[in-house]
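# Secondary and tertiary structure notes
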Amino acid sequence: MTVEVSSLKELVEQASGTSGSPDTQEYFVNMGPQHPSTHGVLRLVLKLDGERVLRCIPVLGYIHRSIEKISEHMNYMNCVHLTDRMDYLSSIMNNWAVAKAVEEAAGIEVNDRIRYIRTIFAELERIQSHQLWWGVLGMDLGAFTPFLYGIRDREVLNDVMEETIGARLTMNYVLPGGLMADIHPNFVNRVKEFIKYFRPKLDEYDDLLTNNVIIQERLRNVGVLSAQTAVQYGATGPVLRGSGVAFDLRKDHPYGVYDQVDFEVPVGTVGDSWDRYWVRVEEMRQSLRIVEQLLDNIPPGDFLVKKLNSKIKLPEGRYYSQLETARGILGVFITSDKKDEPYRLHYRSPNFNNLWCLEPMIKGDYIASLIGAMSSLDLVIPDIDR
Amino acid sequence: MGIVTDKLPGALEKVPGGNVLVTRFDEIINWARANSLWPLTFGTSCCAIEMLMATGGPRHDMARFGAEVARPSPRQADLLILAGTIVKRMAPRLRTLYEQMAEPRYVIATGACTISGGPFIYHSYTTVRGADEIIPVDVYVPGCPPRPEQLFHGLLTLQKMIKEGETIREPGVRRKPVISALPEGVTMEDIQGEMKELLVKENVVDVHQAVDKLKWPSGTNDGS
Amino acid sequence: MDRETLQAAVCQLDSSIRPLEENADRAAVVVEAAALPAILRRLRDEPEFSFAQLLDHVAVDWIDRGQFELVYHLYSFKHKHFLFVSVFVPREDPRVPTVCRLYPVAEWQEREVYDLFGVLYEDHPDLRRLFLEDDWIGFPLRKDYQDDFMLDRPR
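Bear in mind that the values here come from a model prediction, so they are computed numbers and not experimental data. (Residues numbered from 1 in each chain as written. Chains lettered and ligands numbered in written order. Predicted model: local features only at pLDDT ≥ 70, side-chain atom pairs only at ≥ 80, totals over all residues. Heavy atoms only, no water.)

### Notes on the overall build of chain C
The criterion, for reference: Each helix is a run of H or I in the DSSP string that is no shorter than four residues. Each strand is a run of E no shorter than two, and both are numbered from the N terminus. To get the radius of gyration, use the C-alpha atoms; to get the globule rule, take the number of residues to the power 0.38 and multiply by 2.2 Å. Using a 1.4 Å probe on the protein chains alone, a residue whose accessible area is under 20% of its type maximum counts as buried, one over 50% counts as exposed, and one in between counts as partly exposed. Only heavy atoms matter for contacts: two residues are in contact if any of them lie within 4.5 Å across the pair. Accessible surface is estimated by sampling points in the Shrake-Rupley manner with a 1.4 Å probe; for residues, cover comes only from the protein chains shown. In this tally, Asp and Glu contribute negative charge and Lys and Arg positive charge; neither His nor the terminal groups of the chain are included. For this purpose, a charge sits on NZ of Lys, CZ of Arg, CG of Asp or CD of Glu.
A tally of regular secondary structure across chain C gives three helices and seven strands. In chain C, the order of α-helices and β-strands from amino to carboxyl end is α-β-β-α-β-β-β-β-α-β. Taking 2.2 N^0.38 as the reference for a compact globule, 155 residues should give roughly 15 Å; the C-alpha atoms of chain C span a radius of gyration of 17 Å, in line with that estimate. Counting only C-alpha atoms, chain C reaches 50 × 35 × 25 Å along its principal axes. Residues counted as buried form 60% of the 155 residues belonging to chain C. Put simply, of all contacts in chain C between residues at least 6 apart along the chain, 50% involve residues at least 24 apart. In the form shown here, chain C has an accessible surface area of approximately 6,400 Å², with 48% of it arising from carbon and sulfur atoms. Charged side chains in chain C number 19 positive and 30 negative. The centres of these two groups are separated by 4 Å.

Here you go:
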């Protein structure tokens, strides 16, 4: 059997040409890599007929930094640092995924305090990530005010986390074997203050965007993704849940202390952009609930059960650990050959798999709907390219 | 008059019916340029959140420095804030964007990646080691990612550079690139020189003196 | 189904399936390249397994053995179980039939592996580079990849 390797140039040449209709002609338009609504450097090659999108070919690699190759030359403690820079909006969860893989492989059992603190920070960061997404969605749809609201509340939460961690974006807080530092004495009180502050703000979000007729018109029945397509195209996280599949690793394969808290997994019904929007806004409320339940019960203990040095070696084998970040399942696949560096380290990034839902979502729809649908996917491009 | 007469070097002369400000044309132009920078929204990765989003937000508010009119089109922008890693595939596009920007154009490189390649410098087959391999950079802002305050310091540094910089007689003449986090008057060369001096001082041994100081333990070496 | 039972049950499917010899923290089996699509189809469709989602597709370059290992990570929403399916192909002529008719997401996951390892997927509808330029020479995640650009970390 022969295998043909094509190139983008050939693909565009093959697909161009006149259509059957005499008065319109299909043409290609480049969207990106420098485009304000692609959230970074995603490039979409759009085949258009008038304003209708016939094909949408994502072209990647404008921020491919070869993290997997670099990781093969780093010890496990250093690999954690690079994950901050992949999906920078859920950096603590990325750290945790690698830490979890290394801990499971090396047989390190962390204590309850560490698991509580990790869970609290993961949920706080999920809120933070969704706040930014909410603001940027508004901006993509042409409203500037939501961006200011989202960033305003994000800064409030940022201050709380910064007090413990010391960084604003690339947190680098979770290490294999524990945490970088213990929580600040003020932490619990300040998070409580934040929850008191943010609850009414969520209602304000609803007044501004959720109940806004224009936003509803722009999102409802736009970019419909059926449950079957979502599963086949590898979607996870809010994208999959928006399509009506109630799958959340926090519920189905609990890690941290998610099995001890009471929360609901919001699930959409239609699978349009509106459902994905609604799922994320609802997730912020659920995250607040989780944090509230855990805050008062943080058990005493060490914040680092075992100080690992850079020479840690994992036993030979393949290890896979996954957890639910703000965008879906992040999987870490480590192949170890008994050295202090991983033989192969692969990240299953949620955005890489969610991105491919864009074409089935948007085929035949208008180009303006593409912006709303893409925004509802909440893509982080450096996580796609790694 | 306050703000104009305070900020601009020149002489204010009272004439019947009002005041006349006498100054150089260059000063006026540079003053205007420095205070109305229009940045291009060019964010590739993590730094974009801090540099473009957090600074545009209400807490830090870039509008205080007259640089909030972020434009997605390079034709309408004269300040390129590089936020995020530049890889080989992006490099020609970055060059194109830079060349399309309106003259005179300025570049601020923020974050470790755009300065040197940052954490992706070794064993990477794509990461460009510093944006200055592709386009000239005026101000470097270190950090991974830098805080918004650091960007503002870089922006103020650039404004100062612009005010002291170009003249109509010599267009395109720029000052050397600066790192915004360094104290005033200290350059990269000073730091490198100081480090070299220190290394030499610590690692050079005067052999004769060292031998003199060395005392052999008694009874091990004599008479044998 | 726990790990061992699942692994044994999958091995019962066909005589060519055997358990992975190396250590793995999930159920793991090895299949022949030619039989891969048929086996994945049965794993997907039979209600006992119903692996509806292809979570991930990874290649590992075992340069000492002269082989690429291609790992398919399957997940079942129904039974909540997880399976590694490994295929070993020779490094000189790495070819494997595509599975993107079964799992559409494989189209891009396979393109990623082609881009970084140079594994050729037979009958793939659109085999192109994914991250790198079309005229890139070599496959960078192979262990013996070298170019003039890369810098080694000073020790």
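### A closer look at the environment of A:Val80
Residues and elements named next belong to chain A. Its place among the elements puts Val-80 in helix α3 (residues 76-83). Given the relative accessible area of 0%, Val-80 is considered buried. Residues Val-80 and Leu-48 lie 32 residues apart in sequence; the distance between their C-alpha atoms is 42 Å. Val-80 has contacts with Asn-95, Val-98, Asn-172, Val-174 and Pro-176, leaving out every residue within four places of it along the chain.

### Thoughts on the domain arrangement of chain A
Residue and element names in this part refer to chain A. We apply this condition: Where each domain begins and ends follows an automated or database-derived domain assignment. Two parts placed together each lose some accessible area; with a 1.4 Å probe, that loss summed over both constitutes the buried area. Under this definition, polar contacts are N or O atom pairs within 3.5 Å; protein pairs additionally need one hydrogen-donor-capable and one acceptor-capable atom, and for neighbouring residues in sequence, both atoms have to be side-chain atoms. Residue classes follow a fixed rule: Ala, Val, Leu, Ile, Met, Phe, Trp, Tyr, Cys and Pro count as nonpolar, while Asp, Glu, Lys and Arg count as charged, and any other residue, Gly among them, counts as polar.
Per the domain assignment, the segments making up chain A are domain 1 (8-59) and domain 2 (67-385). Contacts between the two partners involve 18 residues from domain 1, matched on the other side by 18 residues from domain 2. Here domain 1 meets domain 2 over a buried area of about 1,600 Å², counting both sides, of which 66% is carbon and sulfur. For domain 1, the biggest contributors to the area lost against domain 2 are His-39, Arg-52 and Val-53; these three give 35% of the whole. Put simply, domain 1 and domain 2 have six residue pairs in polar contact (both at pLDDT 80 or more) between them. Broken down by element, the residue count for the side of domain 1 that touches domain 2 peaks at six residues, all from strand β3 (residues 52-59). Taken together, the residues of the side of domain 1 that touches domain 2 sort by class into eleven nonpolar, four polar and three charged.

### Brief notes about the sheet that holds strand β4 (residues 67-75) of chain C
Residue and element names in this part refer to chain C. To be explicit about the condition: Two strands are counted as paired when DSSP detects at least two bridges linking them. Only the stretch in contact is used when a helix axis is fitted, and all axes are lines through C-alpha atoms; the angle between N-to-C directions ranges over 0 to 180 degrees.
Strand order in the open sheet made by the five strands is β1-β2-β5-β4-β3, with mixed pairing throughout. Two strands in the sheet have a free side with no partner beyond their single neighbour: β1 (18-19) and β3 (53-62). Where β1 and strand β2 (residues 27-31) come together, two bridges link them in antiparallel fashion. Note on β2: the bridge partner recorded for Pro-19 is Val-29. Lying on the sheet, helix α1 (residues 3-13) is in contact with β1, β2 and β5 (82-90); it crosses β2 at an angle near 20°. The sheet contacts of helix α3 (residues 106-117) involve β3 and β4, and relative to β3 the element is tilted by about 15°.

### A look at the sheet that holds strand β7 (residues 328-336) of chain A
Residue and element names in this part refer to chain A. With antiparallel pairing, the three strands of this open sheet are ordered in space as β6-β7-β8. The outermost strands of the open sheet, each flanked by one partner alone, are β6 (317-325) and β8 (344-348). Taking the axes of each pair of neighbouring strands and ignoring which way they run, one obtains an average angle of 15° across the sheet. Pairing analysis gives nine bridges linking β6 to β7, with the strands arranged antiparallel. Across the sheet, the residue bridging to Ser-321 is Val-332, located in β7.

### Details of the layout of surface pockets
With a probe scaled to a water molecule rolled over the atoms, the places where space remains empty come into view. Counted only if it meets this: Here a cavity denotes a set of grid points, spaced 1 Å apart and computed over the protein atoms alone, in which a 1.4 Å probe fits but from which it cannot get out, and a pocket denotes an open set meeting protein on both sides within 12 Å along at least five of seven lines; residues with an atom within 4 Å of a point are reported as lining. Grid points are joined across faces, edges and corners, and a volume is the space filled by probe spheres set on the points.
As a volume, the largest pocket reaches approximately 930 Å³. Lining the largest pocket are 40 residues, with A:Pro36, A:Met139, B:Thr41, B:Leu52 and B:Met53 positioned closest to its centre. Secondary structure elements with two or more residues in the lining of the largest pocket: α5 (112-140) of chain A together with α3 (47-56) of chain B. For the lining of the largest pocket, the element with the highest residue contribution is α3(B), accounting for seven residues. Its residues assigned to classes, the lining of the largest pocket shows 25 nonpolar, eleven polar and four charged. If you count residues domain by domain, the lining of the largest pocket takes at least three from each of domain 1 (8-59) and domain 2 (67-385) of chain A.

### Points about the pattern of salt bridges
For clarity, the cut-off: Salt bridges are identified by distance alone: a Lys or Arg side-chain nitrogen within 4 Å of an Asp or Glu carboxyl oxygen.
Overall, the coordinates contain 51 salt bridges over all chains when judged by the stated rule. Where A:Asp159 meets B:Arg59, a salt bridge forms, and the shortest distance between an N and an O atom there is 3.0 Å. Of the two residues, A:Asp159 is situated in helix α6 (residues 145-165) and B:Arg59 in the loop between α3 and β4 (79-83); the pairing between them involves two chains. Put simply, C:Arg101 and C:Asp123 hold a salt bridge, and the shortest N to O gap is 3.7 Å. In this pair, C:Arg101 is assigned in the loop between β6 (95-97) and α3 and C:Asp123 in the segment after β7 (120-122), connecting sequence segments 22 residues apart. Under the relative-accessibility criterion, C:Arg101 is labelled exposed at 52%. For C:Asp123, a relative accessible area of 46% translates into the label partly exposed.

### Digging into the packing of α3(A) against helix α4 (residues 91-106) of chain A
Relative placement of two packed helices is described by the angle separating their axes and the distance separating the axes. All names here are of chain A. Defined as follows: Any angle that falls under 35 degrees is termed roughly parallel, while one over 145 is termed roughly antiparallel, one within 65 to 115 roughly perpendicular, and all others oblique. In this scheme the handedness of a crossing depends on how the near helix is turned from the far one: anticlockwise by less than a right angle means left-handed, clockwise means right-handed.
One way to put it is that α3 packs onto α4 with a least axis distance of 8 Å and a crossing angle of 155°. Between α3 and α4, the crossing angle belongs to the class labelled roughly antiparallel. With respect to the hand of their crossing, α3 and α4 are arranged in right-handed fashion. Listed contacts from α4 to Tyr-76, Val-80 and Thr-83 of α3 are Asn-94, Asn-95, Val-98 and Val-102. For the contact of α3 with α4, the residue count by class is four nonpolar, three polar and no charged.

### With respect to α6(A)
For clarity, the threshold we go by: Helix span, as expected, comes to 1.5 Å for every residue beyond the first.
Look at α6(A): 30 Å from first C-alpha to last across 21 residues, which is about the 30 Å you get at 1.5 Å a residue. After α6(A) finishes, the residue A:Gly166 shows a positive phi value of roughly 95°.

### Here we look at the environment of A:Pro58
Residues and elements named next belong to chain A. Tracing the chain through its elements places Pro-58 in strand β3. Expressed as a C-alpha distance, the spacing of Pro-58 and Gly-32, which sit 26 residues apart in the sequence, is 9.8 Å. Leaving out residues up to four positions away in the same chain, Pro-58 has contacts with Leu-42, Arg-43, Leu-44, Leu-355 and Trp-356.

### Comments concerning the interface of chain C and chain A
The interface is formed by 55 residues belonging to chain C together with 52 residues belonging to chain A. Both faces combined, the contact of chain C with chain A buries some 4,500 Å², and carbon together with sulfur accounts for 57% of it. The largest per-residue losses of area from chain C upon contact with chain A belong to C:Trp108, C:Arg128 and C:Phe131, which jointly make up 14% of the total buried on that side. Counting across the interface, chain C meets chain A through four salt bridges. Two residues, C:Lys143 and A:Glu72, come together in a salt bridge whose shortest N-O distance is 3.2 Å. Every element with two or more residues in the side of chain C that touches chain A is listed here: β3, β4, β5, α3 and β7 of chain C. For the side of chain C that touches chain A, the class distribution of residues is 32 nonpolar, five polar and 18 charged.

### Focus on the environment of A:Asn75
All names here are of chain A. Take Asn-75: it is sitting in the loop between α2 (67-71) and α3. A sequence separation of 265 residues divides Asn-75 from Asp-340, and the C-alpha atoms of the two residues are 5.6 Å apart. When sequence neighbours within four positions are dropped, the list of residues in contact with Asn-75 reads Ser-310, Asp-340 and Glu-341.

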